[in-house]
Amino acid sequence: MYWKLRIPLFLFVMGVTSGLYQKFPNLFLVNTSYFIRSVVFIGVIGIIFTILENSKVNEKKVHIIIGMTLICTGILFDNLMV
């Protein structure tokens, strides 16, 4: 069984970006309001996902185990960076 990488990469990027934002808040506009930080977070996710879409990485098909591994890695990275 094969999946497109779209959903696993999206969840992986969300987990990694969320973990980095939690661990290193000084890198991402620390002295701004919560609203601005939220907009920047969503913007970074959007930019990364747009780059993945334009480079056609999301269209590649991978085995379901690799997709599940990407999803679990993103979740694990998010949990470990807290």
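Note that this is a predicted model, so its numbers are computed, not measured.

1. Details of the pattern of salt bridges
Inspection of every chain in the model, using the stated rule, returns 3 salt bridges. We note a salt bridge from glutamate 53 to arginine 6, for which the minimum N-O separation is 3.0 Å. Of this pair, glutamate 53 sits in helix α2 (residues 34–54) while arginine 6 sits in helix α1 (residues 6–23); the two residues are 47 residues apart in sequence, bridging distant segments of the chain. Note on glutamate 53: relative accessible area 26%, which makes it partly exposed. The class for arginine 6 is partly exposed, based on a relative accessible area of 27%. Taking the shortest distance from any N to any O, the salt bridge between glutamate 59 and arginine 6 comes out at 2.5 Å. Here glutamate 59 is found in the loop between α2 and β2 (61–63), whereas its partner arginine 6 is found in helix α1, with 53 residues between them in sequence. When salt bridges that share partners are traced, they join Lys4, Arg6, Glu53 and Glu59 into one network.

2. Details of the nonpolar core
Membership of the largest hydrophobic core is limited to 7 residues, which are Leu5, Leu9, Val13, Ile45, Leu52, Val62 and Leu70. Sorting the residues of this core by element identifies α1 and α2 as the ones contributing at least two each. Sequence-distant contacts of valine 13, defined by excluding residues within four places in its chain, comprise Ile45, Ile48 and Leu52.

3. Looking at the packing of α1 against helix α3 (residues 64–80)
Put simply, α1 and α3 touch, their axes get as near as 7 Å, and they point 15 degrees apart. Relative to α3, α1 is oriented roughly parallel. Regarding α1 and α3, the two cross each other, and that crossing is left-handed. Contact residues: Pro8, Leu9, Leu11, Phe12, Gly15, Val16, Ser18, Gly19, Leu20 and Gln22 in α1; Gly67, Leu70, Ile71, Thr73, Gly74, Phe77 and Asp78 in α3. Its residues placed into classes, the contact of α1 with α3 shows 9 nonpolar, 7 polar and 1 charged.

Rules and cut-offs
Residues numbered from 1 in each chain as written. Predicted model: local features only at pLDDT ≥ 70, side-chain atom pairs only at ≥ 80, totals over all residues. Heavy atoms only, no water. Salt bridge = Lys/Arg side-chain N within 4 Å of Asp/Glu carboxyl O. Helix = DSSP H or I, 4+ residues; strand = E, 2+ residues; numbered from the N terminus. Buried < 20%, exposed > 50% of the residue type's maximum accessible area, 1.4 Å probe, protein only. Core = buried A, V, L, I, M, F, W, Y, C linked by side-chain atoms within 4.5 Å. Contact = heavy atoms within 4.5 Å. Axes fitted to C-alpha atoms, helices over the stretch in contact; angles between N-to-C directions. Parallel < 35°, antiparallel > 145°, perpendicular 65-115°, else oblique. Left-handed = near helix turned anticlockwise from the far one by under 90°. Nonpolar A, V, L, I, M, F, W, Y, C, P; charged D, E, K, R; others polar.

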